[in-house]
Amino acid sequence: MTKEESIKKIYSFLDLSPNFDSYGGIPPDIKMVNKVRDFITEYPKSPYFVAPGPNGDILLVYISQSNRYECEIYFDVDKTSLLVSDEIFDINEKEYFAYDGEFDTKVLNRYMS
(Lines give C-alpha, C1' and ligand atoms only; values in the text may rest on other atoms or scores of the structure.)
Protein backbone atom coordinates (compact mmCIF):
# COMPACT_ATOMS: atom_id res chain seq x y z
CA MET A 1 0.00 0.00 0.00
CA THR A 2 1.48 3.36 -0.96
CA LYS A 3 1.47 6.38 1.34
CA GLU A 4 -1.08 8.05 -0.94
CA GLU A 5 -3.39 5.02 -0.80
CA SER A 6 -3.03 4.89 2.98
CA ILE A 7 -3.88 8.55 3.39
CA LYS A 8 -6.88 8.25 1.07
CA LYS A 9 -8.10 5.26 3.08
CA ILE A 10 -7.80 6.98 6.47
CA TYR A 11 -9.74 9.97 5.13
CA SER A 12 -12.48 7.54 4.07
CA PHE A 13 -12.89 6.66 7.76
CA LEU A 14 -14.51 10.09 8.21
CA ASP A 15 -17.48 8.74 6.20
CA LEU A 16 -18.09 5.87 8.62
CA SER A 17 -21.37 5.94 10.50
CA PRO A 18 -21.64 5.42 14.25
CA ASN A 19 -21.85 1.69 14.97
CA PHE A 20 -19.96 1.01 11.70
CA ASP A 21 -18.78 -2.34 13.07
CA SER A 22 -22.17 -3.41 14.54
CA TYR A 23 -20.60 -3.26 18.03
CA GLY A 24 -21.04 0.45 18.74
CA GLY A 25 -17.92 1.53 16.83
CA ILE A 26 -17.10 5.23 16.97
CA PRO A 27 -15.58 6.63 13.76
CA PRO A 28 -12.34 8.62 14.06
CA ASP A 29 -12.64 12.40 13.91
CA ILE A 30 -10.72 14.81 11.66
CA LYS A 31 -8.17 15.53 14.40
CA MET A 32 -7.27 11.82 14.65
CA VAL A 33 -7.18 11.39 10.87
CA ASN A 34 -4.87 14.39 10.50
CA LYS A 35 -2.58 13.08 13.26
CA VAL A 36 -2.25 9.74 11.48
CA ARG A 37 -1.85 11.43 8.09
CA ASP A 38 1.05 13.47 9.49
CA PHE A 39 2.73 10.32 10.78
CA ILE A 40 2.32 8.49 7.45
CA THR A 41 3.68 11.51 5.59
CA GLU A 42 6.71 11.91 7.87
CA TYR A 43 7.65 8.25 8.41
CA PRO A 44 9.93 6.99 5.61
CA LYS A 45 8.13 3.68 4.97
CA SER A 46 4.61 3.03 3.71
CA PRO A 47 2.11 1.17 5.90
CA TYR A 48 1.20 -2.39 4.99
CA PHE A 49 -2.35 -2.01 6.35
CA VAL A 50 -4.62 0.66 7.89
CA ALA A 51 -7.93 0.23 9.73
CA PRO A 52 -10.31 2.11 11.98
CA GLY A 53 -10.55 0.95 15.57
CA PRO A 54 -13.74 0.71 17.64
CA ASN A 55 -13.16 3.81 19.79
CA GLY A 56 -12.28 6.53 17.30
CA ASP A 57 -8.76 5.15 16.99
CA ILE A 58 -6.75 4.15 13.93
CA LEU A 59 -4.41 1.20 13.44
CA LEU A 60 -1.36 1.27 11.16
CA VAL A 61 0.59 -1.90 10.43
CA TYR A 62 4.15 -1.94 9.14
CA ILE A 63 6.10 -5.05 8.14
CA SER A 64 9.87 -5.10 8.57
CA GLN A 65 12.09 -5.39 5.52
CA SER A 66 12.99 -8.96 6.53
CA ASN A 67 9.29 -9.84 7.05
CA ARG A 68 10.24 -11.00 10.55
CA TYR A 69 8.44 -8.27 12.53
CA GLU A 70 4.91 -6.95 12.32
CA CYS A 71 4.66 -3.53 13.94
CA GLU A 72 1.17 -2.36 14.91
CA ILE A 73 0.77 1.30 15.86
CA TYR A 74 -2.45 2.17 17.68
CA PHE A 75 -3.30 5.87 17.48
CA ASP A 76 -5.80 6.22 20.30
CA VAL A 77 -7.53 9.34 21.59
CA ASP A 78 -5.43 9.35 24.79
CA LYS A 79 -2.15 7.78 23.68
CA THR A 80 -0.26 6.03 20.92
CA SER A 81 1.05 2.53 21.53
CA LEU A 82 3.21 0.06 19.64
CA LEU A 83 2.94 -3.72 19.52
CA VAL A 84 5.68 -5.65 17.73
CA SER A 85 5.28 -9.35 17.03
CA ASP A 86 8.17 -11.58 16.06
CA GLU A 87 6.95 -13.92 13.34
CA ILE A 88 9.67 -16.51 14.09
CA PHE A 89 7.93 -17.50 17.31
CA ASP A 90 4.55 -19.12 17.81
CA ILE A 91 1.86 -16.83 19.24
CA ASN A 92 1.82 -18.91 22.45
CA GLU A 93 5.51 -18.34 23.13
CA LYS A 94 6.65 -15.57 25.46
CA GLU A 95 9.05 -14.22 22.81
CA TYR A 96 6.24 -13.67 20.25
CA PHE A 97 5.68 -10.08 21.38
CA ALA A 98 9.05 -8.41 20.99
CA TYR A 99 7.68 -5.07 22.26
CA ASP A 100 4.39 -3.98 23.79
CA GLY A 101 4.23 -0.46 25.17
CA GLU A 102 4.17 3.27 24.56
CA PHE A 103 4.98 4.35 21.03
CA ASP A 104 8.61 5.29 20.42
CA THR A 105 9.95 5.99 16.92
CA LYS A 106 13.38 4.65 17.94
CA VAL A 107 11.84 1.31 18.92
CA LEU A 108 9.86 1.16 15.67
CA ASN A 109 12.97 1.95 13.62
CA ARG A 110 14.94 -0.79 15.41
CA TYR A 111 12.43 -3.43 14.31
CA MET A 112 11.82 -2.00 10.84
CA SER A 113 15.46 -2.11 9.76
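Residues numbered from 1 in each chain as written. Predicted model: local features only at pLDDT ≥ 70, side-chain atom pairs only at ≥ 80, totals over all residues. Heavy atoms only, no water.

A short note on the pairing of strand β2 (residues 58-63)
Remember that side chains alternate between the two faces of the sheet whenever the strand is regular. Counting buried positions along β2 gives five out of six residues, so the element sits mostly inside the fold. In terms of strand pairing, strand β1 (residues 49-52) meets β2 through four bridges, oriented antiparallel. Counterpart to Val-50 in the pairing with β2 is Leu-60. Here β1 folds back onto β2 in antiparallel fashion, the turn holding five residues, of which Gly-56 has a positive phi close to 80°. Where β2 meets strand β3 (residues 69-75), six bridges bridge the pair, whose relative direction is antiparallel. The residue of β3 that forms the bridge with Leu-59 is Tyr-74. (Buried < 20%, exposed > 50% of the residue type's maximum accessible area, 1.4 Å probe, protein only. Helix = DSSP H or I, 4+ residues; strand = E, 2+ residues; numbered from the N terminus. Pairing = 2+ DSSP bridges.)

Some thoughts on the packing of aromatic side chains
Across all of its chains, the model carries six aromatic pairs by this definition. Considering the side-chain rings of Tyr-69 and Tyr-111, the 4.8 Å spacing of their centres and the 65° angle between planes classify their relative orientation as edge-to-face. With Tyr-69 in strand β3 and Tyr-111 in helix α3 (residues 105-112), the pair connects residues that are 42 residues apart, well separated along the chain. Since its relative accessible area comes to 11%, Tyr-111 is described here as buried. Feature note: the residues Phe-39, Tyr-43, Tyr-62, Phe-75 and Phe-103 constitute an aromatic cluster, connected by ring pairs. (Phe/Tyr/Trp six-rings, centres within 6.5 Å; stacked < 30°, edge-to-face > 60°.)

Topic: the sheet that holds β2
Ordered in space as β1-β2-β3-β4-β5, the five strands form an open sheet in which the pairing is antiparallel. Unpaired on one side and paired on the other, β1 and β5 (97-102) mark the two borders of the sheet. The sheet shows a mean angle of 15° between the axes of neighbouring strands, direction not considered. Across the sheet, helix α2 (residues 30-42) touches β2, β3 and β4 (80-86), and the angle it forms with β2 is around 15°. (Axes fitted to C-alpha atoms, helices over the stretch in contact; angles between N-to-C directions. Contact = heavy atoms within 4.5 Å.)

Honestly, that's just the spatial picture; any functional story needs more than this.
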